[in-house]
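Working through the structure, step by step
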Amino acid sequence: MATLDAVGSSRRAISSIWRALERRVANPVFRRLLRSRCHWLVSRRLLVLSYVATRSGKRYTFPVSYRSVDGHPTVLTPRSATNWWKNFRDPHECVLHLRGRELPATGEVVGDDERDAITSAYLESSRLIRLVFGSHEIEADRTDDTSPRLVPVRFRLETDVVS
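These numbers were taken from a predicted model, which means no experiment stands behind them.

What counts, and where the lines are drawn
Residues numbered from 1 in each chain as written. Predicted model: local features only at pLDDT ≥ 70, side-chain atom pairs only at ≥ 80, totals over all residues. Heavy atoms only, no water. Helix = DSSP H or I, 4+ residues; strand = E, 2+ residues; numbered from the N terminus. Buried < 20%, exposed > 50% of the residue type's maximum accessible area, 1.4 Å probe, protein only. Areas by Shrake-Rupley, 256 points an atom, 1.4 Å probe, with all protein chains shown as cover. Phe/Tyr/Trp six-rings, centres within 6.5 Å; stacked < 30°, edge-to-face > 60°. Lys NZ or Arg CZ within 6 Å of the ring centre and 35° of its normal. Contact = heavy atoms within 4.5 Å. Pairing = 2+ DSSP bridges. Axes fitted to C-alpha atoms, helices over the stretch in contact; angles between N-to-C directions. Patch = residues over 30% accessible without salt bridge, like charges linked within 9 Å, V, L, I, M, F, W, Y side chains within 5 Å. Salt bridge = Lys/Arg side-chain N within 4 Å of Asp/Glu carboxyl O.

What follows is about the overall build of the protein chain. The secondary structure content of the protein chain amounts to 3 helices and 7 strands. Going from the N terminus to the C terminus, the protein chain shows its helices and strands as α-β-β-β-β-β-β-α-α-β. In the protein chain, which comprises 163 residues, the share counted as buried stands at 39%. Roughly 10,400 Å² of accessible area belongs to the protein chain as shown, and the carbon and sulfur atoms make up 52% of that amount.

In the structure shown here, the tally under the stated rule is 6 aromatic pairs. Aromatic pair Trp84 and Phe88: ring centres 5.9 Å apart, planes at 75 degrees, arrangement edge-to-face. We classify Trp84 as buried; its relative accessible area is 8%. Take Phe88: its relative accessible area is 0%, and that puts it in the buried class. Taking the ring centre of Tyr122 as reference, the NZ or CZ of Arg67 above it sits at 5.9 Å.

So, about the environment of Pro91. Note on placement: Pro91 falls in the loop between β4 (72-78) and β5 (92-98). For Pro91, a relative accessible area of 52% gives the class exposed. Linking Pro91 and Gly107, residues 16 residues apart in sequence, is a C-alpha distance of 5.6 Å. For Pro91, the residues in contact, after removing those within four places along its chain, are Thr106, Gly107 and Glu108.

This brings us to the pairing of strand β2 (residues 59-65). Sheet topology note: the strand β1 (residues 46-52)/β2 ladder contains 7 bridges and is antiparallel. Within β2, the position partnered with Leu47 by the bridge is Val64. Between β1 and β2, which follow one another and run antiparallel, lie 6 residues, and Gly57 among them has a positive phi close to 80 degrees.

Attention now goes to the sheet that holds β5. Taken in spatial order, the 7 strands of this open sheet run β2-β1-β5-β6-β7-β4-β3, and their pairing is antiparallel. Since the sheet does not close on itself, it has two edges, and those belong to β2 and β3 (67-69), each with one partner. Geometrically, the sheet is characterised by an average inter-axis angle of 40 degrees between neighbouring strands, direction not taken into account. Relative to strand β7 (residues 150-157), strand β6 (residues 101-109) runs antiparallel, the two being bridged by 5 bridges. When the sheet's bridge partners are listed, Gly107 is paired in β7 with Phe155.

Taken together, the side chains of Ile17, Leu21, Val25 and Val29 define a hydrophobic patch exposed on the protein surface, amounting to about 360 Å² of accessible area. For Val29, the position within the fold is in helix α1 (residues 2-34). Of the residues examined, Val29 reaches a relative accessible area of 48% and is grouped as partly exposed.

Let us now look at the pattern of salt bridges. Within this structure, the stated rule accounts for 2 salt bridges. For the salt bridge of Asp112 with Arg115, the shortest nitrogen-to-oxygen distance reads 1.8 Å. Linking Asp112 with Arg115, this pair stays in helix α2 (residues 112-124), spanning 3 residues, or about one helical turn. In this structure, the salt-bridge partner of Arg154 is Glu114, at a minimum N-O distance of 2.8 Å. On the criterion of sequence distance, the pair formed by Arg154 in strand β7 and Glu114 in helix α2 is long-range, its members being 40 residues apart. Owing to a relative accessible area of 10%, Arg154 belongs among the buried residues under this scheme. Its relative accessible area of 29% is what places Glu114 among the partly exposed residues.

Everything listed is a geometric property; what it means functionally is a separate question.
Set out below in structure tokens:
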């Protein structure tokens, strides 16, 4: 039993180190790069999301990986590892820095009726995405009948710039 506790403790430590590196190094670097003239190096798969939180009123700005699904930038995020998506359970205004442009958008968590199809399309878009999120069946991703492991958030833009 002590061995399992040590493994769990090690995983939590690695996870917290990874999150700290992401927050302090990767996010600032990619935020700056995506807003620069050199955005083209990474903007095909990354965008900067900026929104004001519904409860706190605090502005959050960070890079996220996206894919175009049905012509809309769509982000897939792990339910348990992030909580920013909760601000988009209802339609919520935001700004996307997408392919060198700052664009107003409205984001919303994809409803139950479309979730599995959009999640499947997203996972099929890249081998790396399948490795990160897992390539097993969507139904197996569910921890219970109503709670998917992955949460897709779709952003609707005023102009069509995603291809």
